[in-house]
Amino acid sequence: SPFAFESGNRLIDAYRHNQRECDTIAQTISKQEYAVQVLAQTECNTGHLLHALNEAKHQHAAYEYRARVLLDVIAQIRAQQTSWTPAEAGSKTLDCVLQHLMASCRTSRHSQQTQLQHIEQQKAETQAQMTAQVQDPLNIDLERLTALRSTSNALQQQYTAVQTTIRESDALFTGMTLVFNEVVASETIDITQWMQ
């Protein structure tokens, strides 16, 4: 078993089912694209077919996104289960594991947001110092100004990196919520909810 706990295999089953659906949609897209090419050589109206093709491509993207999320969640659980004792693994259920992961995701998100605010404050202080450096246009310390610019650039890079991490964290949390609702709670999730 790829998981140390039995109910985790529902995730594997969900992933396999997802891939079968994804393959089916891909075959549909291939047929529709060929039909559009054939009709385009005639005076036939391809409007309806193009609309269907567009819908199929959206659905395919949704299945691909769901696959990435399921693989992300599977990887997160596999990383966690390495620290479980056999007794702990035996008592785990998919819902408690996912809820723990989601809580960790939110805690991490809060920490990243605090980090972002700290960097924003540092950026503002650095820019204030740069402005102060040029208050007296006749006595500009170029070395100091250059050093401050380097600091400002480095802070901007840090800011962008943390923003990216936050976006990824939010996407993972959203995905885990959908996985929880669909796989654990067995709610019927419309594929459009997975569309990005």
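Before reading further, recall that the structure is shown in the block above.
Procedures and definitions
Residues numbered from 1 in each chain as written. Predicted model: local features only at pLDDT ≥ 70, side-chain atom pairs only at ≥ 80, totals over all residues. Heavy atoms only, no water. Helix = DSSP H or I, 4+ residues; strand = E, 2+ residues; numbered from the N terminus. Buried < 20%, exposed > 50% of the residue type's maximum accessible area, 1.4 Å probe, protein only. Contact = heavy atoms within 4.5 Å. Areas by Shrake-Rupley, 256 points an atom, 1.4 Å probe, with all protein chains shown as cover. Lys, Arg positive; Asp, Glu negative; His and termini not counted. Charge placed at Lys NZ, Arg CZ, Asp CG, Glu CD. Salt bridge = Lys/Arg side-chain N within 4 Å of Asp/Glu carboxyl O. Phe/Tyr/Trp six-rings, centres within 6.5 Å; stacked < 30°, edge-to-face > 60°. Lys NZ or Arg CZ within 6 Å of the ring centre and 35° of its normal. Expected span 1.5 Å × (residues − 1).

(A) Region of interest: the overall build of the protein chain. Summing up its helical and strand segments, the protein chain has five helices and zero strands in all. Reading the protein chain from its N end, one meets helices and strands in the order α-α-α-α-α. Over its C-alpha atoms, taken along the principal directions, the protein chain stretches across nearly 75 × 65 × 25 Å. The buried share among the 196 residues of the protein chain stands at 31%. When contacts within the protein chain are restricted to residue pairs at least 6 apart in sequence, those whose partners lie at least 24 apart make up 73%. Of the accessible surface of the protein chain, which amounts to about 12,200 Å², a share of 51% is contributed by carbon and sulfur atoms. Positive and negative side-chain charges in the protein chain, numbering 15 and 21 respectively, have mean positions lying 3 Å apart.

(B) Region of the structure containing the pattern of salt bridges. Counted according to the given criterion, the structure contains four salt bridges. Note that Asp170 and Arg106 form a salt bridge whose closest N and O atoms lie 3.3 Å from each other. Of the two residues, Asp170 is situated in helix H5 (residues 142–184) and Arg106 in helix H4 (residues 94–133); the sequence distance between them amounts to 64 residues. The partner of Asp170 in a salt bridge is Arg109, and the shortest N-O contact between them spans 2.6 Å. You can see Asp170 sitting in helix H5 and its partner Arg109 sitting in helix H4, a full 61 residues away along the chain. On the basis of relative accessibility, which here comes to 25%, the residue Asp170 falls in the partly exposed class. Bridged by salt links that share partners, the residues Arg106, Arg109 and Asp170 form one connected network.

(C) Fine view of the packing of aromatic side chains. Within the structure shown, the criterion is met by zero aromatic pairs. Arg106 extends its terminal NZ or CZ atom over the ring of Phe173, reaching a point 3.9 Å from the ring centre. The ring centre of Tyr159 lies 4.2 Å from the NZ or CZ of Lys123, which sits over that ring.

(D) Quick look at H4. The first and last C-alpha atoms of H4 sit 58 Å apart over 40 residues, in line with the 58 Å expected at 1.5 Å per residue. Residues of H4 that are buried: Leu94, Val97, Leu98, Leu101, Met102, Cys105, Gln112, Leu116, Ile119, Lys123 and Thr126. Buried positions along H4 lie against helix H1 (9–40), helix H2 (47–81) and H5.

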